Amino acid sequence: QVKWKGKDLFDLVCRTLGLRETWFFGLQYTIKDTVAWLKMDKKVLDHDVPTEEPVTFHFLAKFYPENAEEELVQEITQHLFFLQVKKQILDEKIYCPPEASVLLASYAVQAKYGDYDPNVHKRGFLAQEELLPKRVINLYQMTPEMWEERITAWYAEHRGRARDEAEMEYLKIAQDLEMYGVNYFAIRNKKGTELLLGVDALGLHIYDPDNRLTPKISFPWNEIRNISYSDKEFTIKPLDKKIDVFKFNSSKLRVNKLILQLCIGNHDLFMRRRKADSLEVQQMKAQAREEKARKQMERQRLAREKQMREEAERTRDELERRLMQLKEEATMANEALMRSEETADLLAEKAQITEEEAKLLAQKAAEAEQEMQRIKATAIRTEEEKRLMEQKVLEAEMLALKMAEESERRAKEADQLKQDLQEARESERRAKQKLLEITSKSSYTQCMNSSTTTLPTDLPSFNLINESLSFDFKDTDMKRLSMEIEKEKVEYMEKSKHLQEQLNELKTEIEALKLKERETALDILHSENASRGSSKHNTIKKV
């Protein structure tokens, strides 16, 4: 509305987003190539906003936390900071070394895609994603596929992290970058030397224009007594009166106003962090803890359901496999039964034939005996006839003996065939019995399959409608609290050491592919700082 002040518009945006940690943010606009922020107590249309319509404001973080994990309470606040910092890194407004860029990209992928699944996240799934600064891509002789492979390798290690956890890990790494949260302004000192003034959550820093990573001198907020400007001249008065007053000139009066605005806001937050939390912040932190606990329980419940579903599917597959096995066994038993029946029929037929042959041989043996008797009765008187007759008798006896042996052998063979027939019929009976058993098992397995594969509808759940989690911290056991803090510190140090080892390993791996001629001034400065062991934390510690 026409009469609205900056606060009215700002509050409307915050309500729309559901944002309560409003003190970090502001509405930014551009006027005459200079950035400006909407003032809360001034009418929107009284600002030097562009006259063309629509009037565009950018909702951005104006002030940054010293420690994102401790200060950013709401999930929406963390998400907005994640989006802004990620954009600043990709746009190269914040310098990020190549190996850290890959690690940050892996957390960004985890935040967007969830847990890594090789069946879903196949080669090329990051082809359309903007994950690395162009400076990093141009610095190495590496294809997009090679970058994706290295990002995916780290992405796979982040399994189990929710979106908010992945985004917080991103911010925890990004906040250690030298240019994180620093607003730079071109200034001149009394001698006319061109310098850069950096304003951030920790204080004011003076940089060489060619080196935005390491400040030449710093003024922490708790050591500054007064900040003021007159026209384009800006004055910083240290708390220690022995230290000289630092004066510099900016290019425009509007820039001085912006610098003072950022100084006041950052100083207020600096002092606020060192006091007890307000009632509103305490309430927000309690709600955040409750929400985090609720989400944790929800994730555990979903994990249990997923595990139960997987177990049910495994059981179903096992039962289906067992059923197929039983069906195969039943088919084989049926075939064996049919073969047994055929064998039994053949044996019975062969036994009958053998028995008939034995009867026929016995009849021939009887006829031979009769012939022998007849020959004996009609023996001729002459010696020659007698000799011939004896020879014939001998031959007849031999033939009769052979016939008797053959008859006996055939009889034994018939007995053996009868025995084989009995065994074949016994085998047929056993095969039928086994087939009946397998058929009964199959029907039981089908019943079990239908009852097991159906997932239970009344899975255990947690009702939080009439319950609430309360957290009551008392100062009665300082020793225990100190031990817990020390334990967390050790765990953090181990994790940091592991992370640094991973970063160094990647740096060594891709170093051979680096194109030295494409290194920027910031790349060279960062390498020099790293070789000296200099970092953002070391610089702060020295200050």
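Look above for the structure.
Being a predicted model, the structure only gives us computed values, none of them experimental.

Visitor: Help me understand the pairing of strand β5 (residues 194-199) in this model?
Guide: Walk down a regular strand and you will see the side chains alternate between the two sheet faces. For β5, a buried count of five out of six residues is recorded, marking the element as mostly surrounded by other parts of the structure. Pairing between strand β4 (residues 183-189) and β5: six bridges, direction antiparallel. Bridging from a neighbouring strand, isoleucine 187 pairs with leucine 195 of β5. Counting the residues that bridge the hairpin from β4 to β5 gives four residues, and of these glycine 192 lies at a positive phi of roughly 85°. Pairing of β5 with strand β6 (residues 203-207), which is carried by four bridges, proceeds in the antiparallel orientation. Bridge assignment links leucine 196 to a residue of β6, and that residue is tyrosine 207. Turn length for the β5-β6 hairpin, with the two strands adjacent in sequence and antiparallel, is three residues.

Visitor: Please clarify how unusual backbone geometry should be interpreted in this entry.
Guide: Phi is mostly negative for residues that are not glycine, and the peptide bonds are mostly trans. Of note in this structure, glutamate 92 is not a glycine but carries a positive phi near 65°. Of note, glutamate 92 is situated in the loop between α3 (75-90) and α4 (98-113). The class of glutamate 92 is partly exposed, set by a relative accessible area of 36%.

Visitor: Just checking my understanding: could you explain α3 for this structure?
Guide: For an α-helix the count is 3.6 residues per turn, leaving residues at separations of three or four pointing the same way. Taking 1.5 Å of rise per residue, 16 residues should cover 22 Å, and α3 covers 22 Å from first to last C-alpha, within 8% of that figure. Those residues of α3 not exposed but buried are Thr77, Gln78, His79, Leu80, Phe81, Phe82, Gln84, Val85, Gln88, Ile89 and Leu90. On its buried face, α3 is in contact with α1 (6-17), β1 (25-31), β3 (58-61), α4 and α7 (163-174). Two residues or fewer past α3, glutamate 92 is found with a positive phi of approximately 65°.

Visitor: How should I be thinking about the pattern of salt bridges in this particular structure?
Guide: Two side chains that carry opposite charge are able to pair once their charged atoms sit near each other. Per the stated rule, a full pass over the model turns up 24 salt bridges. The salt bridge partner of aspartate 48 is arginine 254, with a shortest N-O separation of 4.0 Å. Of this pair, aspartate 48 sits in the loop between β2 (34-37) and β3 while arginine 254 sits in helix α8 (residues 253-273), and the two are 206 residues apart along the sequence. Notably, a salt bridge pairs glutamate 71 with arginine 273, separated by 2.5 Å at the nearest N-O pair. Separated by 202 residues along the polypeptide, glutamate 71 in helix α2 (residues 68-71) and arginine 273 in helix α8 bring together distant segments of the chain. Given a relative accessible area of 17%, glutamate 71 falls into the buried group. Under the relative-accessibility criterion, arginine 273 is labelled partly exposed at 23%.

Visitor: Explain the sheet that holds strand β10 (residues 246-250) here, please?
Guide: Sheet strands associate in pairs through backbone hydrogen bonding, adopting either a parallel or an antiparallel arrangement. One open sheet accounts for seven strands, arranged β7-β6-β5-β4-β10-β9-β8; its pairing is antiparallel. The strands lining the two open edges of the sheet, one partner per strand, are β7 (217-220) and β8 (224-230). Strand after strand, the sheet turns through a mean of 30° between neighbouring axes, direction not considered. Packing against the sheet, α8 makes contact with β4, β5, β6, β8, β9 (233-238) and β10, and its axis sits at approximately 160° to β8.

Visitor: Even after reading the chapter, I still don't get the layout of surface pockets, so can you show me in this structure?
Guide: If a probe as big as a water molecule is rolled over the atoms, it shows which places are left empty. By volume, the second largest pocket is sized at about 860 Å³. What lines the second largest pocket is a set of 27 residues, among which Gln28, Val35, Gln88, Lys93 and Asn183 lie closest to the centre. Of all elements in the fold, only β2, β3, α3, β4 and α8 reach the threshold of two or more residues within the lining of the second largest pocket. Taken together, the residues of the lining of the second largest pocket break down into 13 nonpolar, seven polar and seven charged. Of the domains in this structure, domain 1 (6-175) and domain 2 (183-267) are the two that each give at least three residues to the lining of the second largest pocket.

Visitor: Sorry, what's going on with the nonpolar core here?
Guide: When a protein is soluble and globular, its nonpolar side chains tend to lie buried together. Membership of the largest hydrophobic core comes to 94 residues, with the highest contact counts inside it found for Val85, Ile89 and Leu204. With nine residues, α4 is the single largest residue contributor to this core. Both domains that furnish three or more residues to this core are identified here as domain 1 (6-175) and domain 2 (183-267). Counting six residues, the second largest nonpolar core, distinct from the first, contains Leu347, Leu417, Leu421 and Ala424.

Visitor: Would you take a moment to explain the sheet that holds β1 for this structure?
Guide: One open sheet accounts for three strands, arranged β2-β1-β3; its pairing is antiparallel. Across the chains shown, the open sheet's two edge strands, defined by having one partner strand only, are β2 and β3. In this sheet, neighbouring strand axes are inclined to one another by 45° on average, regardless of whether the strands run parallel or antiparallel. Pairing of β1 with β2, which is carried by four bridges, proceeds in the antiparallel orientation. Looking at the pairing, tyrosine 29 lines up with alanine 36 of β2. α8 rests against β1 and β2 of the sheet, and its axis sits at about 45° to β2.

Parameters at a glance
- Residues numbered from 1 in each chain as written.
- Predicted model: local features only at pLDDT ≥ 70, side-chain atom pairs only at ≥ 80, totals over all residues.
- Heavy atoms only, no water.
- Buried < 20%, exposed > 50% of the residue type's maximum accessible area, 1.4 Å probe, protein only.
- Helix = DSSP H or I, 4+ residues; strand = E, 2+ residues; numbered from the N terminus.
- Pairing = 2+ DSSP bridges.
- Expected span 1.5 Å × (residues − 1).
- Contact = heavy atoms within 4.5 Å.
- Salt bridge = Lys/Arg side-chain N within 4 Å of Asp/Glu carboxyl O.
- Axes fitted to C-alpha atoms, helices over the stretch in contact; angles between N-to-C directions.
- 1 Å grid on protein atoms, 1.4 Å probe; cavity = no way out; pocket = protein on both sides within 12 Å on 5 of 7 lines; lining within 4 Å.
- Points joined across faces, edges and corners; volume = space filled by probe spheres on them.
- Nonpolar A, V, L, I, M, F, W, Y, C, P; charged D, E, K, R; others polar.
- Domains from an automatic or database assignment.
- Core = buried A, V, L, I, M, F, W, Y, C linked by side-chain atoms within 4.5 Å.

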